Structures are given as C-alpha cells and as structure tokens.
Amino acid sequence: MNSLGASYVNDASGSVPRQVSTPEPQDSFLISPDDRILITGAAGFIGSRVVANLLDRGFRNLVCFARPSSELARIDAIVEGRPLGARIEVLKGNLLSREDCEAACKDVALIFHLAAGIGEKSFPDAFLNSVVTTRNVLDASLRCARLRRFVLVSSFAVYSNCQKPQGRLLDESCPIEEHPEIRGEAYCFAKIKQEQIVTEYGKSFGIPYVLVRPGSVYGLGKTEITGRVGIGTFGSYLHLGGSNTIPFTYVDNCAEAIVLAGLVKGVDGEAFNVVDDDLPSSHQFLRQYKKNAKHFKSIYVPHLISYAFCYLWERYSRWSEGQLPPVFNRKRWHAEWKKTRYSNEKLKARLGWTPKVPTAEGLRRYFEACRRDGRYA
Amino acid sequence: MLKVAIVGCGKIADAHASQIRRIEGCEIVGVCDREPLMAKQLFERFPVKQYFTDLTELVDKARPDVIHITTPAESHFDVARFCLEQSCHVYVEKPFTLYAEQAQHLVDLAQRKGVKLTVGHNDQFSHVARRMRALVQSGYLGGPPVHMESYYSYDLGDPSYARALLGDKRHWVRRLPGKLLQNVISHGIARIAEFLTGDSPHVIAHGFVSSLLKQINEREIVDELRVIISEEQGTTAYFTFSSQMRPSIHQLRIYGPKNGLVLDQDHEILIRLRGQKFKSYADMFIPPALFAKQHLGNLITNVRLFLGRDFHMDSGMNYLIESFYRSIREHAPLPIPYREILLTARIMDAIFDQLSTCRSNGQMALQARPVPPGTIVPGLES
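Keep in mind the model is a prediction, meaning the values are calculated, not measured.

The next subject is the overall build of chain A. Per the secondary structure count, chain A includes 11 helices and 14 strands. A globule of 377 residues ought to have a C-alpha radius of gyration of about 21 Å, and chain A, at 21 Å, matches this closely. Principal axes of the C-alpha set define a box for chain A whose edges measure 70 × 45 × 40 Å. The buried share of chain A, taken over its 377 residues, is 49%.

Residue and element names in this part refer to chain B. Taken together, the 6 bridges between strand β7 (residues 147–153) and strand β11 (residues 250–255) define a ladder with antiparallel strand orientation. Opposite Tyr151, over in β11, you have Gln251 as the bridge partner. Here 5 bridges tie β11 to strand β12 (residues 260–264), and the two strands are oriented antiparallel to one another. For Tyr255, the partnering residue across the bridge sits in β12 and is Gly260. Between β11 and β12, which pair antiparallel in sequence order, lie 4 residues.

A separate point is the confidence of the model for chain A. When pLDDT is low, close inspection of the predicted coordinates is not appropriate. Per-residue confidence for chain A averages 89 on the pLDDT scale, and 90% of its residues sit at or above 70. The model gives residues 1–21 of chain A a pLDDT under 50, and that stretch makes 43 contacts with residues more than four places away or in other chains.

This part is about the confidence of the model for chain B. Residues and elements named next belong to chain B. When pLDDT is averaged along chain B, the result is 92, and 92% of the positions lie at 70 or above. Of the regions scoring below 50 in pLDDT, residues 363–370 engages in 19 contacts with residues more than four places distant in sequence or in other chains. Here the predicted complex scores 0.90 on pTM and 0.89 on ipTM.

What follows concerns the environment of Met348 of chain B. Residue placement: Met348 of chain B occurs in helix α13 (residues 338–360). Aside from chain neighbours lying at most four places away, what touches Met348 of chain B is Gly178, Gln182, Ile185, Ser186 and Ile189 of chain B.

The next subject is the packing of helix α4 (residues 123–141) of chain A against helix α2 (residues 36–45) of chain B. At their nearest, the axes of α4 of chain A and α2 of chain B sit 10 Å apart, and the two run at 135 degrees to each other. It follows that α4 of chain A is oblique to α2 of chain B by the angle criterion. Here the hand of the crossing between α4 of chain A and α2 of chain B comes out right-handed. On α2 of chain B, the residues touching Phe123, Pro124, Phe127, Leu128, Val131, Val132 and Arg135 of chain A of α4 of chain A are Leu37, Met38, Gln41 and Arg45 of chain B. For the contact of α4 of chain A with α2 of chain B, the per-class residue count stands at 8 nonpolar, 1 polar and 2 charged.

Calculation criteria
Residues numbered from 1 in each chain as written. Chains lettered and ligands numbered in written order. Predicted model: local features only at pLDDT ≥ 70, side-chain atom pairs only at ≥ 80, totals over all residues. Helix = DSSP H or I, 4+ residues; strand = E, 2+ residues; numbered from the N terminus. Rg over C-alpha atoms; globule rule 2.2 N^0.38 Å. Buried ≥ 20, exposed ≤ 12 C-beta atoms within 10 Å, placed from the backbone. Pairing = 2+ DSSP bridges. pLDDT = per-residue confidence, 0-100. Contact = placed C-beta atoms within 7 Å. Axes fitted to C-alpha atoms, helices over the stretch in contact; angles between N-to-C directions. Parallel < 35°, antiparallel > 145°, perpendicular 65-115°, else oblique. Left-handed = near helix turned anticlockwise from the far one by under 90°. Nonpolar A, V, L, I, M, F, W, Y, C, P; charged D, E, K, R; others polar.

And the structure:
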C-alpha cells in the first residue's frame, strides 16, 4: 500500500512471548481468535466500536482500514490501555485503489465492511464511495482463500416502507425500494446498489455474506439528530416525527450486532435489522433532548401536512424540471416519517443479540456527552 | 435530432445530463466511463440509450454528433483530441487543458476538422452574467474597460471534495500542474479574459499556502492567489482567489472610462456604478436610494425568473450548452470565442509557471513575466 499510514502493532515488544490476557472467543464462532479480520471504516463512529468489540471478545489479529483523511483518535483510544497481545494493523488508504484493497484483504478470514460515502449529496459521489469501493473490496476478497464471511453494514434507508406484509411493522421481510433514483437521496441509492452488488457477488462467486441494516445509530461522538425526528433545513427546526417510534440503536449495541453477524455460524445470505428495545417516540426523544442536552425551538408539523408538503414539492420539482431538486417526495415521506413499528426479533433469535446498553441508559450517556462536549445537533 | 454523448460519469456529468435533457432536439445516445459501474449508474438514472467503457466503442456504436468531456482534467486533452479526430463536436469541462499549447492544438484541430469546440465556463452564462455582457456591449462603460477585479473564493470546508483532497496525498488534483488552483480558477480568469483586448498581457502572480493549511501540515496546496494582469492597450485586472476570506464571494467588478458594473454571482445581482457625481450633499442621499432601487430590481428579476421556471442552479450551463448546440445546428457564432479560451489558458499557464518557479526557489515572491504570445489566436468565429 502506497500510503501506509500510522501502521502499528500493539504487540509484545521483546522476543519473549507475553501472556495473552484477552478473553478467548467462543468455539462456536465462525473463526478462531488468531484469524485475520478486516474492518473498513475502522476509524469511524461505528467502525471503532466494532474494533473494540472484537478486542473485547479476544480476537487478536485485526486490520483497521481508514481513509487517508481519517483521524485515528478513536482507534488510538481503543488500543490504549488494552492488554498486550492483540495485533492491530492500521492501514490508511483508499478503497478506490485496487492495490490498497488487495493489501487490506490479504489473508483475511472475515471482512466487516463499514466504509461508505456518508453525507454525500451527489449521486455519483455517493455511488463511487459506496458501490465502486465495495466492488473493489469484493474483488480483492475473491483472492482470499480463507475468507469465511463478508459483512456489509447497510442501512434502514434501503426499505421502501410501502406495501409491507405486516401493516405498520417493518422487519427484514419488507420490500426494498425499487426505484431509489427517484427518492432524491444519494445515500439511499448508493446503499441499495451496494447491497445489490454484494448479493450478486454472493451468487456469482459464492462469497458468503451477511447484510446488517442498522436503524438510527446514536451515541457519544455523534451530534446530529436523525432526520426521522425532524429537519432544520428551513431555518426553524421542523419536528416531523411526532408520535412515530424512532428506530434508535445505541452505537455499542449496533457494533455488537455487526460483530455477531460476522461470527455466528449458519446465517450466510441473511439480512438483519438492528434496533434497540424500548424505543422512544419522536416526541419523547425531542422533549428529553431539549431538557437534557440543549433547549431549542421546534415547530411540530402533523403527518398530514408533511405528506402534503412532500407531495407538492415532488410535483413542483417535476413541473419545474428540477428547479428545486426532488429532495422531498412521497417515497421519502414513507421511508422516514410514516408511522412504523420495528422488530429486532430475528436479530435476537438468530444471532443471540441483546442490547447491552438499555435505551434509557444510552440516551442518558448521549445527552451527557452532548452537554459535556458542547456539541449539539 | 442532435446525438449527444458524455465521457466521464462523475459528479459534473450529472449536471450535464440534467441540462441536456431539458434541451429540445437532442438525445443522449451514450455515456462512457472506464469504470463500468459509474457508466451504468448514469445510464440507469437518466434517459440514456447505451453505456460504454471504451471511448472508441462509444464513437463507433453510438455515433454521437457532440461529445461532452467530463473526465478529470488531466485526461481532457487526450480525450478531446480523439473525439475531434473522429469529427465530433466537443464540449470540454473546465479546466480546458493542462497547458496552453494543448489548448492551441485542440483549437487548431477543431478548425482543421470543421467541427466546433467549447469549454465549460458556464458561470459566464448565468442570467446576471448575460445581463452584464449586454450592458457592456451596449457601451455602458463608455469605452474599453480600464480596470477589472475578479474574485473567486473557495470553501475548503466542503466535505465532499476539499477534505478528500487535503487528506489524500494521491488525489488526482494534486497531479495537476497548478493543483487546486488549476481545477477551480478558470471561471474567474475567463471572466477577465472575456474583456481583455490584447493577446499577450503581463501577468504577475503571488501565491501562498494559507495559515489554516499550514496548521494541518499542508505545504503543497496553494490556496491563496493574487494576480495582476495588465496589457499594453491599458486595461488592467486583479484576480483574487482565496479559501480563507469571508464572505466567500464570486464577483467581477469592471470599470470603464464612464461607468462601472458589479456582478455578484452568488446572489445573482448586477449593480450599475454611475460615473457621474451628484452635487454636494445630493451625492450622499440620491445614490443610496438609486442603489436600493437597483437591489429591488434584482430581487424582482430573480423572483420573476424563479416563478417562470428559469432559475435553475445550472441555468448558466443550460444556456451555454444550448448556445453551443445552436452554433452547431445553425452555424451560428460559438458562445465562447476561441481567442478567449486560449487567452484564459495562457494566463493560467503564466500563473502556474511563476508559482512553480517561486516554489522551486524556495520562496513565494512576486515575479513578473509576460505571457508568451500564442502562435495563432483566431478571433470570434463566425
């Protein structure tokens, strides 16, 4: 790799082997503790928690892949204070480079692919940084004879939230958006195409894969309030969620689910939604946020009005040939602001996942961090 | 029906495809990118007939009349040359080429082949830029420009591009001779070039790395540039590029012997600067009222354009593409004369030459140097 960055090994310094004091992973897992594991997006909000979770479980041969522009503070914080014995290699590179992908995938048994274009407004940029990069990692992984599983971290954004088989309940059986190009969200488009390419490689080349679709991930280090609660686009904060349940998952719980999706046997080809238990409504969350983090004014917009607004915006966008881009439309309303219930039954039943951090505690930590750091949405 | 193709399916290709489909009498017969996934995603999201990964195949199978080149700048010259050799009309995104010699070569080739060529200086075709051009052409300035000031700001906080550039030592923009400047300043330089009368102005450039970039140990990317341009005919110009000054502006101020004009691209505002003064205290009361009236007029114009569905963010690009197609169909003059394209390229060459000379000398000092005169500078094509 040309731009091998802060590569370091947290290993015994002398020739005498140091006693490993990390816990031993379960025998029932897909890989052994010394198998090489690649985590892309390892310096990110979720990726760093995945690294920590793997170390906590006793896995000791990790390759952390991060963008050249990434700050490694999160990884450094995880590595510091850990018992010696784990080998953590940090590679800084670009997944658009096939050479970098080859280097990252060398001899890996498990890939957690979290790197993606986040916050991109442009469709080509989001596509390039999510789909082309994923294809490159998949191509590189084809040369890994030892690869046991490819875990793609996707998103709830892929669901259309229309024509659900069980009414308001959104679970893994619900339909994926068929025309993401007209939902006006580059991220949604890229995530759906990313899932498609992983599925195609699974079918064509036999790559064992698992899709993980987290809901709204929150926690220390993330300040913005999910758009499912509301938006601040028009100067004032518009509260659109109302009584809707918000599909929150605390970042450590989400990381736990991702790690289990990579380790548990017998789930190849499956998709898992990740949401916590005891989810608050949008109203409840916003009230708590204002009380515990920062007070601000918000304007509640009833569902009927937000739907009409999305409909009219969509019509105007079409009529004006894109003078206003179609960022608000009925498909987006269904996906983000329609009243919906969420299930984590499959996650619990198949992966044995339980949310280690209860929602009340997660929110308490989150609000406290917002207050402490002075960083608000 | 004019058959159009797009080569390079990244971010700017989206803007091209969006505007081309708003123009009557043309269709996108093919898109091409070396990365098949990128070609396919553009094909899927727009009404495009076919997608390709090979340029030769695109030309052979789709048989386009016009090709838009929206690849990274370092490939513009080779792709444009190939397309012109295939007798296709070519629209090259900015920056036109890496060097003025390449620009000259493309212009000569287009003329030899009897096809047309333009560059994506679409800022010059926004509503406000067109209003300004019409005023200048009507003689509002009272003669040739005496002095111009072009400001072009760039926000390095833009996460999608600037952070990627700053964080990646292998980013393609770093491989350009003028690096970041080469990729962004042509809009601001072309605004000046349009109103220069000679072909060999003197250029004095001073560039430096801002303190902000130095703080993050960036030494390679020059993000502050000041340029003085002067020509024997008497017209002078200042060009300012800054990543740090606020507000972030994109403006042209042009002063003639009689009156002046201020074009504010960010707010689509055009202000007339009256050369004559009012008497005594009247000069402190009447002009503010007249300025207020002009700002109100700009507001009304912008609202009227918006309500008329003619105020798209890329309306300048739409107008430029439409004008280029009209020049092809009706043998009308090109929207951007070749002289202006070449002069812009030569001024940019002079700036980057001076910056690289200063860098190699370990300094960022002022250095005067005339722009080498071009071999042939064709005038306005008719």
